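# Observations on the model geometry
Chain by chain, the residues:
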Amino acid sequence: GAVVSQHPSRVICKSGTSVKIECRSLDFQATTMFWYRQFPKQSLMLMATSNEGSKATYEQGVEKDKFLINHASLTLSTLTVTSAHPEDSSFYICSAKGTTTNYGYTFGSGTRLTVV
Amino acid sequence: QKEVEQNSGPLSVPEGAIASLNCTYSDRVSQSFFWYRQYSGKSPELIMSIYSNGDKEDGRFTAQLNKASQYVSLLIRDSQPSDSATYLCAVRGQAGTALIFGKGTTLSVSS
């Protein structure tokens with residue numbers, strides 16, 4: 001079945017530094033990647049949608065200069081949290097749509113980011 | 001703004017009972033509906049998808065959809081302690097667009 005590998009699973013960084021999160025589709029081509037953020041006891045909130053080779057589309061209230069998304073290939077998408085602050089601490093999850101997976105999407109395993 | 005509403009719970013049922021989870025959505029043009037299960041600290045896993053009005057059964061799970069009422073439900077028969085988790089309802093408009101999630105209902109099954 002379709003698998004999305006997300007790394008790292010956990011990361012702790014200092015305030016002001018940047019963190020990169022990678023999502024790789026292992027056995028299919030991810031034409032679209034959705035990036036979500038989940039705070040404790042909250043739902044998954046869509047941050048942005050990226051299509052391979054195009055600029056990401058960000059949801060209202062999400063700073064595009066702070067959350068840099070790159071989707072340069074059909075198997076790799078990255079989210080970089082720049083100048084991280086404690087309020088960016090959250091669970092970040094990617095979700096990939098392939099060329100043929102037109103029903104449910106495949107989720108990565110998530111990244112727990114803690115900014116200290 | 002597209003919204004998906006769920007009762008946050010917790011919903012507590014004894015082992016072997018039927019658990020009923022409900023979800024309403026605001027966008028009338030929504031076409032696809034999903035139920036995900038999420039354990040604490042883990043990524044959501046797909047339980048069921050449903051696209052047309054009526055019931056869809058898969059093992060102990062039954063999804064029900066009523067587009068006129070903008071209502072989706074999930075029934076879990078013979079609930080097991082391992083079913084204890086948060087259940088997320090997700091809705092999608094056109095194929096290829098993002099899933100919009102509800103806040104989830106926490107289910108607790110006691111043995």
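Residues numbered from 1 in each chain as written. Chains lettered and ligands numbered in written order. Predicted model: local features only at pLDDT ≥ 70, side-chain atom pairs only at ≥ 80, totals over all residues. Heavy atoms only, no water.

Between chain B and chain A, the residue contacts involve 19 residues of the former and 20 residues of the latter. Taken over both partners, the interface formed by chain B and chain A buries close to 1,400 Å², and the fraction arising from carbon and sulfur atoms is 56%. At the junction of chain B with chain A, the criterion picks out zero salt bridges. Applying the counting rule to chain B against chain A returns seven residue pairs in polar contact (both at pLDDT 80 or more). Looking at the side of chain B that touches chain A residue by residue, the classes come out as ten nonpolar, six polar and three charged. (Contact = heavy atoms within 4.5 Å. Buried area = accessible area lost by both parts, 1.4 Å probe. Salt bridge = Lys/Arg side-chain N within 4 Å of Asp/Glu carboxyl O. Polar contact = N/O pair within 3.5 Å; in protein donor to acceptor, adjacent residues only side chain to side chain. Nonpolar A, V, L, I, M, F, W, Y, C, P; charged D, E, K, R; others polar.)

Residues and elements named next belong to chain A. When you line up the elements, Thr111 lands in strand E11 (residues 111-115). Using a relative accessible area of 0% as the deciding quantity, one classes Thr111 as buried. Between the C-alpha atoms of Thr111 and Ile21, which are 90 residues apart in sequence, the distance is 7.4 Å. Not counting the four nearest positions on each side in its chain, Thr111 is found in contact with Gln6, His7, Pro8, Ser9, Val11, Ile21, Ser90, Phe91 and Tyr92. A distance of 2.5 Å separates a polar atom in the side chain of Thr111 from the backbone oxygen of Pro8. (Helix = DSSP H or I, 4+ residues; strand = E, 2+ residues; numbered from the N terminus. Buried < 20%, exposed > 50% of the residue type's maximum accessible area, 1.4 Å probe, protein only.)

The two faces of a sheet get side chains in turn, since along a regular strand they alternate between them. All names here are of chain B. Relative to strand E7 (residues 61-66), strand E6 (residues 54-58) runs antiparallel, the two being bridged by five bridges. Residue pairing across strands places Asp58 opposite Phe61, the latter belonging to E7. With antiparallel pairing between neighbouring strands as the criterion, E6 and E7 make up a hairpin whose turn holds two residues, including Gly59 at a positive phi of roughly 65 degrees. Where E7 meets strand E8 (residues 71-76), six bridges bridge the pair, whose relative direction is antiparallel. Note that in E8 the partner of Ala63 across the bridge is Leu74. Hairpin connection from E7 to E8: four residues lie between these consecutive antiparallel strands, with Gln70 at a positive phi of about 55 degrees. (Pairing = 2+ DSSP bridges.)

Residue and element names in this part refer to chain B. Read across the sheet, five strands follow the order E1-E3-E8-E7-E6 without closing on themselves; strand pairing throughout is antiparallel. Each of the sheet's edge strands pairs with one partner strand only, and the pair in question is strand E1 (4-5) and E6. Sheet analysis places strand E3 (residues 19-25) next to E8, joined by six bridges and oriented antiparallel. In the sheet register, Ala19 faces E8, and the bridge partner there is Ile76.

The next point concerns the pairing of strand E5 (residues 45-51) of chain A. Residue and element names in this part refer to chain A. Here E5 lies mainly inside the structure; five of its seven residues are buried. With six bridges connecting them, strand E4 (residues 30-38) and E5 associate as antiparallel partners. Its bridge partner lying in E5, Thr32 is registered against Asn51. The hairpin turn running from E4 into E5, its antiparallel successor, is six residues long, and Lys41 in that turn takes a positive phi close to 60 degrees. Counting the residues in the hairpin turn of E5 and strand E6 (residues 57-58) gives five residues, including Gly53, whose phi is positive at 85 degrees.

Function-wise, these values are silent; they only describe arrangement.
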